[in-house]
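Structural overview for review
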Amino acid sequence: MLNLSQNGCSVWVTSSTELALTPTVIALGKFDGVHRGHQQVIQPILKADRLDLTGMTFSKSSPTAKDLSLPSGYAYSTVVTFNPHPQEFFTGKPRTLLTPLDEKIYQLRSLGVEQLLLLPFDKELSALTPEEFVEKILVQQLQCQRISVGQDFRFGSQRSGTATLLQQIAAKYDIPVTIVPLETCNCDGQEYSDSERISSSLVRQHLEHGDIEKANQLLGRPYTLMGSVVKGQQLGRTIGFPTANLQLPKQKFLPRFGVYAVRVKSLGEVPDATAFDCVGVMNIGSRPTVNGTHPTVEVHLLDWKGDLYCKKLTVELEKFLRPEQKFPTLEALKTQIQLDCAEARAFFRA
Ligand SMILES: Nc1ncnc2c1ncn2[C@@H]1O[C@H](COP(=O)(O)OP(=O)(O)OP(=O)(O)O)[C@@H](O)[C@H]1O
Ligand SMILES: Cc1cc2nc3c(=O)[nH]c(=O)nc-3n(C[C@H](O)[C@H](O)[C@H](O)CO)c2cc1C
């Protein structure tokens, strides 16, 4: 895969070590969610003056430092991860993801990562010993100059390699390894309560309960849904609440069904250049009032009119307002949506 610009994000994304930009400084891990713990692991490989690959196109091979007018020996900040997720490979069961590929690229780009290498996780890769993984992949193929991992990082066949073993093996090649302590969070704000280890599973648990504030605290940003607007049954406009129906990647992890106060952005060319930014109300659910058959994700933008079909939207979840309900009439649903809008307005005003 060769892609310099996904979602307007200029990260070099490849699944081939041969096409990777080298030499590299590497953060290793699965990084689903790109939460605050992940951000700490990625931090040591970032540079103050990061490379911007926007607008550059390369077709046959990866660009060299010379092509990019960089000093020779420039080491690219690279996140090395596995695809599919190792657990999915071993169990054969598809996993839902907090950050499907598009979103992961977007979040990594916002942090300043220059390259994402998705190592195909197959029988061959999973059979490498820790020593072989370091020598063949990190040293020979990626010309790695520095590595950063979390304290609980495991690698190599049967997860036999630990972070300290990685440090010992890498030392033979003079490669420094930063082992980042596990980041914790005292989410309930209680002075004497235990702090919890930040993890993708904990983020999922909070999202499953509709506890958006806690999930967002662990992420260090709002939980987002990124998708394209598709046509529905043209029903929303008939009750005065047109809703943009979002088509999400099929592995996207959905939070608790119900109604949320959200911030909606349409993607600009780069993460910080948004074409518009407004607030709205979102429903995730199967719409029992209109006998819906499958779960949908739909957003009504407050004080906004226009055509959103085919646009890519980023929806940031800020507050869970209520669970979805079956109303006896469309009129009753409409009255409730009016109340939802008022609650969202009050929330954002505050
Ligand atoms: N304030 C708004 N919020 C969301 N969409 C809006 C808004 N104003 C206009 N629209 C447009 O209206 C479309 C949605 O209209 P409407 O809900 O009637 O039809 P639909 O896409 O078939 O969805 P549904 O099946 O949920 O009724 C959006 O995709 C968007 O292009
Ligand atoms: C803010 C908001 C709240 C909603 N709440 C419900 C709900 O509680 N029950 C339901 O059946 N549908 C709900 N819907 C979906 C509604 O049925 C749908 O938008 C229309 O039928 C148009 O498709 C909601 C939609 C929005 C935008």
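This text follows the structure it describes.
What you are looking at is a predicted structure, and each value in this text was computed from that prediction instead of being measured. (Residues numbered from 1 in each chain as written. Chains lettered and ligands numbered in written order. Predicted model: local features only at pLDDT ≥ 70, side-chain atom pairs only at ≥ 80, totals over all residues. Heavy atoms only, no water.)

Some points on the overall build of the protein
Scanning the protein from terminus to terminus reveals nine helices and 15 strands. Considering the protein as a whole, with its 350 residues, one finds that 50% of them fall into the buried category. Within the protein, residue pairs in contact and separated by at least 24 positions form 73% of the contacts whose partners lie at least 6 positions apart. About 17,000 Å² of surface is accessible on the protein, with carbon and sulfur atoms providing 49% of the total. (Helix = DSSP H or I, 4+ residues; strand = E, 2+ residues; numbered from the N terminus. Buried < 20%, exposed > 50% of the residue type's maximum accessible area, 1.4 Å probe, protein only. Contact = heavy atoms within 4.5 Å. Areas by Shrake-Rupley, 256 points an atom, 1.4 Å probe, with all protein chains shown as cover.)

Overview of the site of ligand 2
Taken together, 18 residues lie near ligand 2, and Arg-287, Thr-289, Glu-298, Arg-322 and Gln-325 sit nearest. A distance of 2.9 Å separates an oxygen atom of ligand 2 from a polar atom in the side chain of Glu-298. Alone, ligand 2 offers 540 Å² of accessible surface; in the complex the protein occludes 98% of this. Top contributing element to the shell around ligand 2 by residue count: helix α9 (residues 330-349), with three residues. Looking at the shell around ligand 2, its residues break down into eight nonpolar, five polar and five charged. (Near = heavy atom within 4 Å. Polar contact = N/O pair within 3.5 Å; in protein donor to acceptor, adjacent residues only side chain to side chain. Nonpolar A, V, L, I, M, F, W, Y, C, P; charged D, E, K, R; others polar.)

Side note on the environment of Phe-82
Within the fold, Phe-82 resides in strand β4 (residues 76-83). On the basis of relative accessible area, Phe-82 is assigned to the buried category, the value being 14%. Each C-alpha atom of the pair Phe-82 and Phe-31 lies 9.6 Å from the other, and the pair is 51 residues apart in sequence.

With respect to the side chain of Thr-81
Take Thr-81: it is sitting in strand β4. Of the polar contacts made by the side chain of Thr-81, one reaches the backbone oxygen of Lys-30; its length is 3.4 Å. Beyond its immediate stretch of four places on either side in the chain, Thr-81 contacts Gly-29, Lys-30, Lys-104, Leu-116, Leu-117, Leu-118 and Leu-119.

Digging into the site of ligand 1
For ligand 1, the set of nearby residues contains 21 residues, the closest of which are Gln-233, Gln-234, Leu-235, Arg-237 and Leu-308. In the model, an oxygen atom of ligand 1 is placed 2.7 Å from a nitrogen or oxygen of the Leu-235 main chain. Take Arg-237: an N or O atom from its side chain is 2.6 Å from an oxygen atom of ligand 1. Put simply, the parts of the chain that give the shell around ligand 1 at least two residues each are β11 (244-247) and β14 (296-301). Per element, the largest residue contribution to the shell around ligand 1 is four residues, and it comes from β14. Of the residues contributing to the shell around ligand 1, the split by class is nine nonpolar, eight polar and four charged.

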